[in-house]
Amino acid sequence: MYAAHFGLTAEPFDLVPNTAYLYLGPQYREAISALQYGVADRRGFITLIGEVGTGKTTLLYNLLGDLPPGVDAAFVSYADQPFPGLLSLLLTDLSVPHDASSEAGMLAALQSHLRARQQEGRTVAFIIDEAQNVSDQTLERLRL
């Protein structure tokens, strides 16, 4: 509807943010730089805080599309679940075979994957959108 009416070459509104239309003003440039630096420098936990609708998810998609060489990322957009569910989503996004019914097996699969990537000189980043919905207990278990 909008494309035809305004003579656009693509639909302007999608369910998933389209980073092709991202305008990096000064604040957004600073935020994406901080995210890129944090991932490249293996800074551990990095938070991106802002009001609803300010573009945090779009910045995360931009980060995913522009990761430095040697970085593998698992992206989770639905984080409001217990630790085993979150762990399974991360392993699935990393294409790590696992048995979702065994938490111990998933942890072993993750540990093996992380060690293998480390030996290859690679970094693995977990990117969690809406991470404020992750319980403190789940976040602590993920950290460990």
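**Some thoughts on the packing of aromatic side chains**
Two numbers describe a pair of aromatic rings. These are the distance of the centres and the angle of the planes. Throughout the structure, instances matching the rule amount to one aromatic pair. Considering the side-chain rings of tyrosine 61 and phenylalanine 75, the 5.2 Å spacing of their centres and the 50 degrees angle between planes classify their relative orientation as tilted. With tyrosine 61 in helix H3 (residues 56-65) and phenylalanine 75 in strand E1 (residues 71-76), this pair connects stretches of sequence that are 14 residues apart. Residue classification places tyrosine 61 among the partly exposed positions, given a relative accessible area of 26%.

**Quick word on the packing of helix H4 (residues 83-93) against helix H5 (residues 103-119)**
Relative orientation of the contacting elements H4 and H5 amounts to 40 degrees, with a least axis distance of 10 Å. Seen along the crossing, H4 lies across H5 with a hand that is left-handed. On H5, the residues touching Phe83, Pro84, Leu87, Ser88 and Leu91 of H4 are Glu103, Met106, Leu107, Ala109 and Leu110. Its residues assigned to classes, the contact of H4 with H5 comprises eight nonpolar, one polar and one charged.

**A word on the pattern of salt bridges**
For the coordinates displayed, the defined rule picks out five salt bridges. Across the pair aspartate 41 and arginine 43 runs a salt bridge, and its minimum N-O distance is 3.0 Å. Judged by its relative accessible area of 37%, aspartate 41 is partly exposed. Of the charged contacts in the structure, one is a salt bridge between glutamate 140 and arginine 143, with a shortest N-O distance of 2.6 Å. One end of the pair is glutamate 140 and the other is arginine 143, both in helix H6 (residues 136-143) and three residues apart, which spans about a single turn. Residue class for glutamate 140 comes out partly exposed when judged on its relative accessible area of 36%.

Analysis parameters
- The numbers attached to residues start from 1 for each chain and follow its sequence in the written order.
- In view of the model being predicted, local features appear only for residues whose pLDDT reaches at least 70, and side-chain atom pairs are presented and counted only at 80 or more, with totals across whole chains, interfaces and linings using the full set of residues.
- The side-chain quantities take in all heavy atoms of the structure and omit both hydrogens and water.
- Centre distance within 6.5 Å is the pairing criterion for rings of Phe, Tyr and Trp, where only the six-membered ring of Trp is used; planes under 30 degrees apart are then read as stacked, over 60 as edge-to-face, and the remainder as tilted.
- In this text, helices come from DSSP runs of H or I with a minimum length of four residues, and strands from runs of E with a minimum of two, each type numbered from the N-terminal end.
- Accessibility here uses a 1.4 Å probe with only protein chains present; expressed as a share of the type maximum, an area under 20% marks a residue as buried, one over 50% as exposed, and anything in between as partly exposed.
- For every element, the axis is a line fit to its C-alpha atoms; helices are fit only across the contacting stretch, and the angle between N-to-C directions ranges from 0 to 180 degrees.
- Less than a right angle of anticlockwise turn of the near helix away from the far helix marks a crossing as left-handed, whereas a clockwise turn marks it as right-handed.
- Two residues form a contact once any of their heavy atoms are found within 4.5 Å.
- Residues are sorted three ways: Asp, Glu, Lys and Arg are charged, Ala, Val, Leu, Ile, Met, Phe, Trp, Tyr, Cys and Pro are nonpolar, and all the rest, Gly among them, are polar.
- Salt bridge criterion: a side-chain nitrogen from Lys or Arg within 4 Å of a carboxyl oxygen from Asp or Glu.

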